[in-house]
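Notes for the structure review
Residues per chain, in single letters:
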Amino acid sequence: MSYDRNTKILSGIEVPPLYHPNITLGEFLLHYLYRDSTRVIQTNHDDGVQITAGEMAKLGCQIAGGLLNHIKIGDVLGIVCKNTSYVTPLVLGGFLAGTPVSTVDPTYRAKEIAHVFSLTKPKIVFCDKANLSEVKEGLRQCEVVCKVLTVDERAAEHSHLFDLFESSDANAEFRPTRLDVEASKNCAAILCSSGTTGLSKGCMLSHQQCMSSTKAGPYFSTLFSFSSLYWYTGFSGLMQSLANNINRVITKSSFSPELLVDIIEKHKVNSIVSPPAHIQLLLKSKVIEKADFSSLRIAVLTGGPMDASLRKQFQKFLKAGSIASFYATTEIGSVISSTAPFEPISNSCGKPTPNTKVKVVDDDGKLLDALQVGEICVLHPYTFLGYCNNREETETAADSTGWLKTGDLGYVTEGGEIFLVDRKKEVFDQMNYTVYPSEIESYIRSIKGVKEVCVVGIRELAGWRGAAVVVKDADSSVTEKDIVDEVHRNFLDFKRLHGGAYFVDSLPTTTTGKIKRLEARTIAEKMYEQKFRSSSKID
């Protein structure tokens, strides 16, 4: 790792590629699955079903053969499934068949499904029995005609995944075709962007990007994350499992502090990957006081900022483990930077990963020095393929020299660390000063009685006004005045909540725990307007 004062670029160490430039992701994964075929690499917490590496390889080959009876190499395979036992073999089958896999949030409604599939245009789609009607309606709305099969349960008058591969002639000797196009230029997966500030985009990841997200192993550990495969956290966990003989614990249930603790204790989980929002809820729950985290060796926090004070609070419960912070974007298809286990906790996102370069620029694209806040841009050996069927967004995703614009504001240090400040789209001006919502949120979250919070800017004729949308703890007596006054006492005037604070039962979030900022702003604007109208009538 090094920081060049002249070029103002922060670089990770250089490591040569380990794989043939034309190898496909399917061929790569099959090699590692056969390396230790008897090891369990998937455990379903819900029903206890376990699958070994050898069984996974055989299922993947059978599914690949079945897929190629219905679609051809290069056709897109759509998946709208929760984490159940046969979703991973299906994804592997798609990689082996050479069909790009388009993963969609299984909680999406028809309109959102239609948006994604209007971009990726799948030739065959797999879903759960519970969301079959939503998927069919979504396909109807985007006018995509294709075969739809269920994965978890059978549905009347519909084919099931088992029908696909039970009729397949493929067996464990199946070998994927090595493509003519280099692995760095051929699409293997299409993942959804976070969707916190608008509709999701389809991020196309190459075979080489997916392979580079794994590391040499095996680690012989047990991994758990609530994320489904539509998001990079869930997808990267799958890559780690298949390439490194890691036992990946899955569940189709949504996050709760009680369930997280139960899974860690029951399966002796060594590694968890979690958004900070889930850890914040865990720390506020009673279950953590009696939780047994003795098996945990590392807790990876990714997907958003988490104040150092909260990291330190969580670290106290990890008797034999450590917290690590990962900074990643779906477009890069890899971790940009990470902190090292057991190093002193700070708000740092760590140092760049191998072969990764980082620079910080202002709004005009001018390079900034260390410690100056601007947009973080990243250069990776494997170029981002773009957003599926979205030329306009693809053309603005990177600068003229190939550096990807992350949309994150932050700075680097000469010591090689990266610090995030906020999302570029989430900051706003108040009294002609820039306000970073995450800074104020971290403080409000520490106020007794506050469970969750989102700070947004409300647009007024005179400019922006800062406002907080707050979820209270059960039986909390905290008031709007308490929150506004606390912020008033501890922040300069331009950072204060001149738009007020508003209580809601819950914040709009993605299934990965990220707050949907645009929806939260709409809530604040409506409640601010109601308050203003009410006060006007009184006057």
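Below you will find a few notes about this structure. Remember, predicted model here, so these are calculated numbers, not experimental data.

**Topic: the overall build of the protein chain**
On a plain count of helices and strands, the protein chain comes out with 15 helices and 26 strands. Relative to its length of 539 residues, the protein chain is compact, with a C-alpha radius of gyration of 24 Å against a globular reference of 24 Å. Viewed in the frame of its principal axes, the protein chain has a C-alpha envelope of about 75 × 60 × 50 Å. Per-residue burial over the protein chain gives 56% buried out of 539 residues. Surface exposure of the protein chain reaches about 24000 Å², of which carbon and sulfur atoms provide 50%. Where the 60 positive side-chain charges of the protein chain centre and where its 62 negative ones centre are 1 Å apart.

**Considerations on unusual backbone geometry**
At asparagine 245, a position not held by glycine, the phi torsion is positive, near 55 degrees. The phi dihedral of phenylalanine 342 is positive, around 65 degrees, even though this residue is not glycine. By the element assignment, phenylalanine 342 lies in the loop between strand S16 (334–338) and strand S17 (351–352). Of the residues examined, phenylalanine 342 reaches a relative accessible area of 58% and is grouped as exposed.

**Describing the side chain of histidine 207**
Summarising the element assignment, histidine 207 is placed in helix H7 (residues 207–212). A residue is classified by how much of its surface remains accessible, and histidine 207, at 3% relative accessible area, is buried. Setting aside residues up to four positions removed in sequence, histidine 207 forms contacts with Ile23, Thr24, Leu25, Leu179, Ala183, Asn186, Cys187 and Ala188.

**Side note on the state of the cysteines**
Enumeration according to the criterion identifies zero disulfides in this entry. Take cysteine 81: it sits in no disulfide, and the sulfur closest to it among the cysteines is that of cysteine 127, at 6.4 Å. Owing to a relative accessible area of 5%, cysteine 81 belongs among the buried residues under this scheme. With no disulfide of its own, cysteine 192 lies closest to cysteine 203 among cysteine sulfurs, the gap being 8.1 Å.

**Describing the sheet that holds strand S24 (residues 450–460)**
With mixed pairing, the three strands of this open sheet are ordered in space as S24-S25-S26. Both outer strands of the open sheet, S24 and strand S26 (501–503), are each paired with one neighbouring strand and no more. Taken pair by pair, the neighbouring strands of this sheet meet at an average axis angle of 25 degrees, ignoring direction. As defined by bridge partners, strand S25 (residues 463–472) adjoins S26 across three bridges and the pair is classed as parallel.

**Looking at the environment of serine 37**
Mapped onto the fold, serine 37 is located in the loop between helix H1 (25–33) and strand S3 (40–44). Placed 17 residues apart in sequence, serine 37 and glycine 54 show a C-alpha to C-alpha distance of 4.0 Å. Not counting residues within four places of it along the chain, the set of residues in contact with serine 37 comprises Thr52, Ala53 and Gly54.

**A few points about the packing of aromatic side chains**
Overall, the coordinates contain eleven aromatic pairs when judged by the stated rule. Pairing phenylalanine 28 with tyrosine 32 gives two aromatic rings, centres 5.1 Å apart and planes at 65 degrees, and the pair type is edge-to-face. Taken together, the residues span about one helical turn, with phenylalanine 28 and tyrosine 32 both in helix H1 at a distance of four residues. Assigned by exposure class, phenylalanine 28 and tyrosine 32 land together as buried. Their ring planes at 25 degrees and their centres at 4.5 Å tell us that tyrosine 433 and phenylalanine 494 sit as a pair that is stacked. Taken as a pair, tyrosine 433 in strand S23 (residues 433–435) and phenylalanine 494 in the loop between helix H14 (480–490) and S26 lie far apart in primary sequence, 61 residues in all.

**A look at the nonpolar core**
Judged by nonpolar contacts, the single largest core of 51 residues is most densely connected at Leu25, Leu29, Leu67, Phe126 and Met239. Ignoring sequence-local partners within four residues, the contact set of leucine 25 consists of Phe95, Ala188, His207, Cys210, Met211 and Met239. Within the second largest apolar cluster, 25 residues are counted, among which are Phe255, Val269, Met306 and Ile323.

**Things to note about the pairing of strand S15 (residues 322–329)**
With six of eight residues buried, S15 is to be regarded as a mostly interior element. Sheet topology note: the strand S14 (residues 298–301)/S15 ladder contains four bridges and is parallel. Each residue of the ladder has a partner; that of valine 300, found in S15, is alanine 324. Read from S14 through helix H11 (residues 308–315) to S15, the crossover connection turns out right-handed. The pairing of S15 with S16 spans four bridges and is antiparallel. By the bridge assignment for S16, threonine 329 is matched with serine 334. Here S15 folds back onto S16, and the loop between the two strands holds four residues, one of which, glycine 333, carries a positive phi near 70 degrees.

**Topic: helix H4 (residues 110–120)**
Regarding H4, the residues found buried are Ala110, Ile113, Ala114, Val116, Phe117, Leu119 and Thr120. Positioned one or two residues after H4, lysine 121 has a phi angle of 50 degrees, which is positive.

The rules behind each value
- Residues numbered from 1 in each chain as written.
- Predicted model: local features only at pLDDT ≥ 70, side-chain atom pairs only at ≥ 80, totals over all residues.
- Heavy atoms only, no water.
- Helix = DSSP H or I, 4+ residues; strand = E, 2+ residues; numbered from the N terminus.
- Rg over C-alpha atoms; globule rule 2.2 N^0.38 Å.
- Buried < 20%, exposed > 50% of the residue type's maximum accessible area, 1.4 Å probe, protein only.
- Areas by Shrake-Rupley, 256 points an atom, 1.4 Å probe, with all protein chains shown as cover.
- Lys, Arg positive; Asp, Glu negative; His and termini not counted.
- Charge placed at Lys NZ, Arg CZ, Asp CG, Glu CD.
- Contact = heavy atoms within 4.5 Å.
- Disulfide = S-S within 2.5 Å.
- Pairing = 2+ DSSP bridges.
- Axes fitted to C-alpha atoms, helices over the stretch in contact; angles between N-to-C directions.
- Phe/Tyr/Trp six-rings, centres within 6.5 Å; stacked < 30°, edge-to-face > 60°.
- Core = buried A, V, L, I, M, F, W, Y, C linked by side-chain atoms within 4.5 Å.
- Right-handed = clockwise from strand over helix to strand, strands pointing away.

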